[in-house]
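Observations on the three-dimensional arrangement
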Amino acid sequence: MLKDFFSKKKKYASIPREEAKQEIPEGLMQKCPNCHKIFYRKELKKNLNVCPNCSFHHQMTARERIDSLFDEHTFEEWDQNIITENPLGFPDYLEKVEKDREKTGLNEAVVTGKGKMQGFETAFAVMDSRFRMGSMGSVVGEKIARAIEKAKEQKIPFIIFTASGGARMQEGVLSLMQMTKTSIAIKRFSEAGGLMISVMTHPTTGGVSASFASIGDYNFAEPGALIGFAGRRIIEQTIREELPEDFQTAEFLLKHGHLDQVIERQDMKEVLTTLLDIHEGGAQPS
Amino acid sequence: MKQVLEFEKPVMELREKIAELKKFTAESDMDLTSEIETLEQRLVKLEEDVYGNMKPWDRVQMARHAERPTTLDYVKELFTHFLEFHGDRLYGDDEAIVSGVAKYKGKPVTVIGHQRGKDTKENIRRNFGMPHPEGYRKALRHMKQAEKFNRPIICFIDTKGAYPGKAAEERGQSEAIARNLMEMAGLRVPIICIVIGEGGSGGALALGVGDRIHMLENSTYSVISPEGAAALLWKDSGLAQKAAETMMITSYDLKKLQVIDDIIPELKGGAHRDVALQATEIDHVLNQSLQELYDLPKEELLEKRWEKYKQIGDYSTL
Ligand SMILES: [Zn+2]
């Protein structure tokens, strides 16, 4: 374990937190925000970005997620060529998008495509919260809607991993309307007998929570994920009452009947594969 | 007390002056008729100036006007035989949404709308028109009923947003909104949505999936309130006026963005000046929309609904 490595080398019984923070070599090591232990990034990655000490689920990039779930060399990406515009003429908006494009290597906050999971072919959309906080603008809405339409045409299931702060402010009401666009696509897919699985990861809030994330045939979430419609601070200001500590967590939603299961990341592939198996691959009637 | 908005003060002052002069003429033996006529001509011009050049922020104020007609005000003017029905059959009855059946020009319809209160007491009962999940679920129950009995659905949108509260989250605000979006997509009857006041984000949208979306001229439709946008974008909710301009939230903006179908003209000085007269403007557009949709084969209706929303958005392809 890394903590042993640290304590041996530095001969500290414990590292004071402030000091520890300063000593993390950027890029090589990562500190768990939950238990404050420090790990090699490589070690965390091998553990699917789940803290080996406390099981805290760190966020995953879209690529990491895809690699962790789909059989090697089966991933086919869709609609990489759709590019963000600036409908309201917001200053700096396109520059910010460009910066995130460079940072993430993605064209927008969602990756769509298809792949095979233990042999089961499925369409998917995986959101990436590093890109403009995973917010949904026209491109995100369009890519998700197209992926659902393709799943419908190709008669394969659709799995979505959400990670989003909600609407993309800089696209105003056009962002809001993506909720409708994606929801209609899901309805059409559903009417055709399509199987949709939604997995909510940290965070899934606002307009994304209030559209496709919540209307799968099965709704799952990762442990500890923040999921909700309104922001905690807005609610506190509105009702002037303290909220429970687990408010708007995956566990809170499970307790209140809004989720089918909270699934540990290590078990994700197995549960999804089992479900695909139960649906016999999720093929739609022709 | 009549609420007077900042930008329309010159109009109100001139109107008062004319009223005073008229009173004076009637009570004394001095004849001010010609002065009054001059002022009345000036008033017409001033009204055109003031109401013909409203800024986005002026429209926000108008959409929030204390006397602005609500869903039930228009229901009274537009329909006959209205019966309100309550409850979502799951949890309770949310009075922030009213819902029921009525006749429109002799034909049955289902009418649903956000409902604000007229005074503090009613506003508390109706939660200022900000629904909980049970409100949306009541609406959906009535929409499904409309589908079963093949009557068109007319939705009036008028809310600051879905209520941001603890209970609302516990009972699944997100799911309730999402479910409505999804189910409205597939309803095999015409749906007409009319924004009559504030169209606040997902809470508005949950009654807003339709074959025609219209907006009263001075209503707004936005992803976030101008105050909220200002706080998020510039960390200063005082910049709401600027946000109202930047965020493109007026009926003219939404028409330009190709989100809505028609702008319903408002009376000079706003819908509250004469509800009955304003209702005739709504009536005209509503009637036309229904005429266009009544006889459309169901499959075509749904296909066109999809096409309508599919094209909304701004992006380019490499
Ligand atoms: Zn940890």
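Residues numbered from 1 in each chain as written. Chains lettered and ligands numbered in written order. Predicted model: local features only at pLDDT ≥ 70, side-chain atom pairs only at ≥ 80, totals over all residues. Heavy atoms only, no water.

Some remarks on the nonpolar core
Going by this rule: Note on terminology: a nonpolar core comprises buried Ala, Val, Leu, Ile, Met, Phe, Trp, Tyr and Cys residues joined through side-chain atoms within 4.5 Å. Relative accessible area decides the class of each residue, using a 1.4 Å probe on protein chains only: under 20% of the type maximum gives buried, over 50% gives exposed, and in between gives partly exposed. Helical segments are the DSSP runs of H or I of at least four residues, strand segments are the runs of E of at least two, and each set is numbered from the N terminus. Residues are treated as being in contact if the distance between any of their heavy atoms lies within 4.5 Å.
Counting residues in each nonpolar core, the largest one holds 121 residues, and the members touching the most others are Phe158 of chain A together with Tyr221 of chain B. With nine residues, the top contributor of residues to this core is helix H7 (residues 172-191) of chain A. Leaving out residues up to four positions away in the same chain, Phe158 of chain A has contacts with Thr122, Ala123, Phe124, Ala125, Ile144, Ala147, Ile148, Ala151, Phe189, Leu195, Met196 and Ile197 of chain A.

Overview of a negative patch on the surface
So the rule is basically this: Residues with no salt bridge and a relative accessible area higher than 30% make up the patches, which join like charges within 9 Å and nonpolar side chains (Val, Leu, Ile, Met, Phe, Trp, Tyr) within 5 Å. The protein chains shown are the only cover counted for residues, whose accessible areas, like all others here, come from Shrake-Rupley with a 1.4 Å probe. Just to be clear on terms, a salt bridge is a Lys or Arg side-chain nitrogen sitting within 4 Å of an Asp or Glu carboxyl oxygen. Charge assignment: positive for Lys and Arg, negative for Asp and Glu; neither His nor the chain ends contribute. For this purpose, a charge sits on NZ of Lys, CZ of Arg, CG of Asp or CD of Glu.
A grouping of Glu251, Glu264, Asp267 and Glu270 of chain A is seen on the molecular surface, where their side chains present a negatively charged patch. Along the chain, Glu264 of chain A turns up in the loop between strand E11 (261-262) and helix H11 (265-278).

Details of the UniProt feature "binding site: Zn(2+)" (unreviewed entry) in chain A
All names here are of chain A. Threshold: UniProt positions are given in the numbering used here, feature names are shortened, and annotations may be inferred rather than shown by experiment. Cavities and pockets were defined on a 1 Å grid built from protein atoms only: a cavity is a group of points that admits a 1.4 Å probe but offers it no way out, a pocket is an open group of points flanked by protein on both sides within 12 Å along at least five of seven lines, and a lining residue is one with an atom within 4 Å of any such point.
In the UniProt entry, the feature "binding site: Zn(2+)" (unreviewed entry) is given for Cys32, Cys35, Cys51 and Cys54. These residues run over 23 residues, yet every pair of their C-alpha atoms falls within 8.7 Å of each other. When the annotated set is filtered for residues lining the second largest pocket, what remains is Cys54. When near neighbours in sequence (up to four residues on either side) are disregarded, Cys51 contacts Cys32, Cys35, Phe39, Leu44, Phe56 and His58. Judged by relative accessible area, which is 25%, Cys54 ranks as partly exposed. Beyond its immediate sequence surroundings of up to four residues, Cys54 is in contact with Cys32, Asn34 and Cys35.

Section: the packing of aromatic side chains
The way to describe two aromatic rings as a pair is by their centre distance and the angle between their planes. Cut-off, in case you're wondering: Stacked, tilted and edge-to-face pairs are distinguished by plane angle, under 30 degrees for stacked and over 60 for edge-to-face with tilted covering the rest, among Phe, Tyr and Trp rings (Trp via its six-membered ring) whose centres lie within 6.5 Å. For a lysine, the NZ atom is tested; for an arginine, the CZ atom; a charge sits over a ring if that atom is within 6 Å of the ring centre and within 35 degrees of the ring normal.
Applying the stated rule across the entire model yields eight aromatic pairs over all chains. Ring centres of Phe247 of chain A and Phe252 of chain A lie 5.1 Å apart, and the angle between their planes is 70°; on these two criteria the pair is classed as edge-to-face. Exposure class is identical for Phe247 of chain A and Phe252 of chain A. Each is buried. Between the aromatic rings of Tyr74 of chain B and Phe156 of chain B, the centroid separation amounts to 6.5 Å while the plane-to-plane angle is 20°, which identifies the pairing as stacked. Of the two residues, Tyr74 of chain B is situated in helix H4 (residues 71-78) and Phe156 of chain B in strand E4 (residues 153-159); the sequence distance between them amounts to 82 residues. Overall, Tyr74 of chain B belongs to the buried group, its relative accessible area being 0%. Joined through ring pairs, the aromatic side chains of Tyr74, Phe79, Tyr104 and Phe156 of chain B make up one cluster. If you follow Lys107 of chain B out to its NZ or CZ, it ends over the ring of Tyr294 of chain B, 4.0 Å from the centre. Residue placement shows Lys242 of chain B over the ring face of Trp234 of chain B; its charged tip is 4.2 Å from the ring centre.

Re the UniProt feature "domain: CoA carboxyltransferase C-terminal" (unreviewed entry) in chain B
Taking the numbering used here, the UniProt-annotated feature "domain: CoA carboxyltransferase C-terminal" (unreviewed entry) corresponds to residues 35-292 of chain B. Structurally, residues 35-292 of chain B is divided into 47% helix and 19% strand, and its ends, taken at the C-alpha atoms, are 50 Å apart.

Comments concerning the coordination of the zinc ion
Note on metal geometry: ideal angles are 109.5 degrees for four donors arranged tetrahedrally and 90 or 180 degrees for six donors arranged octahedrally. Residues and elements named next belong to chain A. Spelled out, the test is: Each metal site is built from N, O and S donor atoms within 2.8 Å (3.2 Å for Na, K and Ca), and since water is not included, such sites may look incomplete.
Within the protein, the zinc ion binds to Cys32 (SG), Cys35 (SG), Cys51 (SG) and Cys54 (SG); these donor distances fall in the range 2.2 to 2.4 Å. Summarised as a motif, the one-chain spacing of the donors to the zinc ion is C-x2-C-x15-C-x2-C. You can see Cys35 sitting in the loop between strand E1 (29-31) and strand E2 (38-40) and its partner Cys54 sitting in the loop between helix H3 (41-46) and helix H4 (62-69), a full 19 residues away along the chain.

Quick look at the environment of Ala123 of chain A
Residue and element names in this part refer to chain A. Along the chain, the position of Ala123 falls in strand E6 (residues 120-127). Expressed as a C-alpha distance, the spacing of Ala123 and Lys96, which sit 27 residues apart in the sequence, is 29 Å. In contact with Ala123, not counting residues within four places along its chain, are Trp78, Gly113, Lys114, Ala147, Ala151, Ile156, Pro157, Phe158 and Ile159.

Thoughts on the layout of surface pockets
All names here are of chain A. The test is simple: Grid points are joined across faces, edges and corners, and a volume is the space filled by probe spheres set on the points. Residue type decides the class: Asp, Glu, Lys and Arg count as charged, Ala, Val, Leu, Ile, Met, Phe, Trp, Tyr, Cys and Pro as nonpolar, and the leftover types, Gly among them, as polar.
Of the pockets and cavities examined, the second largest pocket occupies roughly 390 Å³. As for the second largest pocket, its lining consists of 25 residues, and the residues nearest its centre are His57, His202, Pro223, Gly224 and Ala225. Of all the secondary structure elements, the ones that give two or more residues to the lining of the second largest pocket are E6, strand E7 (158-164) and strand E8 (196-205). Among the residues forming the lining of the second largest pocket, the class breakdown is eleven nonpolar, ten polar and four charged.

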